[in-house]
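The primary structure of each chain is shown beneath.
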Amino acid sequence: QVQLVESGGGLVQPGGSLRLSCAASGFTFSSYDMRWYRQAPGKERELVAVIGSSGYTYYAESVKGRVTISRDNAKNTVYLQMNSLKPEDTAVYYCNATVIGADIRTYWGQGTQVTVSS
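Residues numbered from 1 in each chain as written. Predicted model: local features only at pLDDT ≥ 70, side-chain atom pairs only at ≥ 80, totals over all residues. Heavy atoms only, no water.

Details of unusual backbone geometry
Piece 1. Backbone geometry places Asn-76, a non-glycine residue, at a positive phi of 50°.
Piece 2. Turning to its location among the elements, Asn-76 is positioned in the loop between strand E7 (67–72) and strand E8 (77–82).
Piece 3. At Ser-84, a position not held by glycine, the phi torsion is positive, near 50°.
Piece 4. Checked against the element boundaries, Ser-84 lands in the loop between E8 and strand E9 (91–100).
Piece 5. By relative accessible area, which is 41% here, Ser-84 ends up partly exposed. (Helix = DSSP H or I, 4+ residues; strand = E, 2+ residues; numbered from the N terminus. Buried < 20%, exposed > 50% of the residue type's maximum accessible area, 1.4 Å probe, protein only.)

Below, the structure is given as structure tokens:
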């Protein structure tokens, strides 16, 4: 059974930091590209960061320089370190796993709430 379980969200003051984790099981984690998305109230889900199976990374312009994505294949876990948080970072953050081979397989976590407020 495939599972992606996010954790680490919460309430933080502007300028603060959070580290999100996404623990994966039920598939070959090291073969999958891992992504973090977020969705704020009333807005569409947007891509935050990607880390490929090869280790390449990509960041949305809105978070570049403040966010670091990393993965630990031994622990089947992907992380999102977020620093200098702003109120506009408030959203539900979702973990996604995708692999493109003979077909496309993609899995989603249930999300974790991040609220940046004083």
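A short note on the pairing of strand E3 (residues 18–25)
Piece 1. Pairing between strand E1 (residues 3–7) and E3: 5 bridges, direction antiparallel. By the bridge assignment for E3, Glu-6 is matched with Cys-22.
Piece 2. Taken together, the 6 bridges between E3 and E8 define a ladder with antiparallel strand orientation. Across the sheet, the residue bridging to Leu-18 is Met-82, located in E8. (Pairing = 2+ DSSP bridges.)

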